[in-house]
Structure formats: C-alpha cells, structure tokens
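Overview (structure and organization)
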Amino acid sequence: MKIAEVFASIQGEGKLTGVPSVFIRTSGCNLRCGWCDTPYASWRPEGTDTAVNELIDRVKQLSLRHVVLTGGEPLIQQELSQLITGLKQIGCHITIETAGTIWQDVAADLASISPKLANSSPGVSAEGNWAALHDERRINIPVLQRFAGAPRIADRQWKFVVTNPSDMVEIESLMASLGNIRRDDVILMPEGIDDKTLHERAVWLADICRDKGYRFGSRLHIWLYGNRRGT
Ligand code: SF4
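Residues numbered from 1 in each chain as written. Predicted model: local features only at pLDDT ≥ 70, side-chain atom pairs only at ≥ 80, totals over all residues. Heavy atoms only, no water.

1. Here we look at the nonpolar core
Soluble, globular proteins show a tendency: their nonpolar side chains are buried together. Within the largest apolar cluster, 44 residues are counted, with the highest numbers of intra-cluster contacts made by I24, L69, L87, F160 and L188. Looking at which element gives the most residues to this core, the answer is helix α5 (residues 167–178), with 5 residues. Apart from the residues lying within four places of it in its own chain, the contact partners of I24 are I3, E5, V6, L55, V59, V67, V68, L69, T70, L83 and L87. (Core = buried A, V, L, I, M, F, W, Y, C linked by side-chain atoms within 4.5 Å. Buried < 20%, exposed > 50% of the residue type's maximum accessible area, 1.4 Å probe, protein only. Helix = DSSP H or I, 4+ residues; strand = E, 2+ residues; numbered from the N terminus. Contact = heavy atoms within 4.5 Å.)

2. Thoughts on the site of the ligand
Contacts to the ligand come from C29, L31, R32, C33, W35, C36, T38, S42, G72 and K116. Classifying every residue of the shell around the ligand by side-chain character gives 5 nonpolar, 3 polar and 2 charged. (Near = heavy atom within 4 Å. Nonpolar A, V, L, I, M, F, W, Y, C, P; charged D, E, K, R; others polar.)

3. A few points about the sheet that holds strand β2 (residues 20–26)
The strand order β3-β1-β2-β4-β5-β6-β7-β8-β9 describes an open sheet built from 9 strands, whose pairing is mixed. Bordering the open sheet on either side are β3 (48–49) and β9 (215–216), each of which pairs with just one other strand. Pairing analysis gives 4 bridges linking strand β5 (residues 93–98) to strand β6 (residues 108–113), with the strands arranged parallel. Looking at the pairing, T95 lines up with L110 of β6. Taken strand by strand, helix α1 (residues 52–62) contacts β1 (2–10), β2 and β4 (66–70), and its axis lies near 15 degrees from that of β1. (Pairing = 2+ DSSP bridges. Axes fitted to C-alpha atoms, helices over the stretch in contact; angles between N-to-C directions.)

4. Digging into the pairing of β5
One face of the sheet, then the other: side chains in a regular strand alternate in exactly this way. Burial within β5 is extensive, with 6 of its 6 residues counted as buried. Both faces of β5 are covered, namely the face carrying H93, T95 and E97 and the face carrying I94, I96 and T98. Where β4 and β5 come together, 4 bridges link them in parallel fashion. Bridging from a neighbouring strand, V68 pairs with T95 of β5.

5. Quick notes on helix α2 (residues 80–89)
Among all positions in α2, only L80, L83, I84, G86 and L87 are buried. Take α2 and look down its axis: the buried residues cluster within an arc of 165 degrees, on one side only. The inward-facing, buried residues of α2 contact β2, α1, β4 and β5. The positive-phi residue at the C-terminal boundary of α2 is G91, with phi of around 90 degrees. (Arc of directions from axis to C-beta.)

6. Describing the packing of aromatic side chains
The geometry of two aromatic rings is summed up by the distance between their centres and the angle between their planes. Within the structure shown, the criterion is met by 2 aromatic pairs. Ring centres of F7 and F23 lie 5.2 Å apart, and the angle between their planes is 10 degrees; this geometry places the pair in the stacked category. One end of the pair, F7, is in strand β1; the other, F23, is in strand β2, with 16 residues separating them in the sequence. Considered together, F7 and F23 belong to a single accessibility category, that of buried residues. Between W103 and F147, the aromatic rings sit 5.1 Å apart at their centres with planes inclined by 80 degrees, giving edge-to-face as the arrangement. (Phe/Tyr/Trp six-rings, centres within 6.5 Å; stacked < 30°, edge-to-face > 60°.)

7. A closer look at the pairing of β1
Summarising the sheet, β1 and β3 pair through 2 bridges and their orientation is antiparallel. Note that in β3 the partner of K2 across the bridge is D49.

Taken by themselves, the reported measurements are silent on function.
Laid out in structure tokens, this is it:
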C-alpha cells in the first residue's frame, strides 16, 4: 500500500491524547479539505508502495503497542484488513482515523471518525475545481451509520474540526441524523496549525463543550512540535 510516512510520536488528538504511538500514514484521499494539514497525503500524495510485512517489521522496531492508521484516507487502501490482522497478531492496539465516507468492515480498538463539515470546503484552487466533488463526498450518512454500529469496532469517537461557533448547527444536525451517539464520544477540536489560532478558538469552543456536554479536544502535537511532518 502507498505509505507517506511511518513515525513514532505522541497521539495529539482524541481519547488517547498523550499516548506514545506509531503512526502509519497512508497516502491518497478521496476528499480535498481546504485546511488539510497533510497535503502530502491528499492534495499531492507522496509515498512509496510498501508491503504489509515491511510495515509490521517497522512497527516492531519502534517497540510501541499503540498504532494509529491514518492518512490521507486509510479506508481506500485494499490491504488495510491484512495490515490490521498482522498488527493484532503482534499485540498492537489499533486506532483507525477516517473521514467516514468509505466503508470497509475492518476491526479496530478505536475508530476515530471525523466527518468533514462545510468549513472544510476547498473553494477554487490552482489544482482544479475540487469544491463540488469534495462537497458531494464529504458526508455519507449510510457509511457513518455503519461505523456507528459496526460490531468489530470496540470503541469510537466522533471528531469535528471547528472553525466558528456557527459550525454547531451542522454538527447537531448530523448527530440528530445518526441518532444514539453518546455525547461523550463526540470531540470538538479547534481548527488551526499554530498556537495563536488554536488558543483563540479553544476559548469559545471549550464553553460550547461545557454547555452542551461534548468533549473538548486539543491538538497536543501542534503545541509540542508545531505543524511539522513526522510528528
Ligand atoms: S480527509 Fe483528511 S487527509 Fe483528506 S483532505 Fe481532508 S483533512 Fe486531508
């Protein structure tokens, strides 16, 4: 499968924030978010074709139990199940990070599902008019419902990237469409790739979380390392 990078770092987002983890970043995505912080795995996918066995060996070398399969969009990779099976055989805890627009019946200890809101629209860019295709694909309710009920997923979190308080209208409408989502599985995270923007947005977003019962999500890796590749 096409891999942009494999590295050890600290999980910066979600329920497992702070947990030392190996990140396997697959390359290629069916979306084009305007604020994507990994364009080398989406807009301009880089990487090398890497065998599943090579990836498992790399994880063994890094000697960490938690593995995060991220992207890009890992669910477009046909060998994903094979990789997960191999990683489980060596005792790994698996998190899959996905935008929730493509379904594969994969096993995971934690599915981190991050539906992309209207604020992710790329507008018109020099790399072609992706806006219409992105907007058509970014929310897929039947796929999100499958993630919500999949028996092979042990735990799940619904992670929303928020740029403005008005995003709450779309988030709450989506949650109502899905039904039966526990509020403490919903994480609202400020969008931003620098401390100043994150802090400004965190101030009002934390108040919204307190008032509505959602979790607040930080971006610890940005605070620790800045917006740098391989972290
Ligand atoms: S879904 Fe993720 S990887 Fe794909 S364009 Fe959006 S932010 Fe980037």
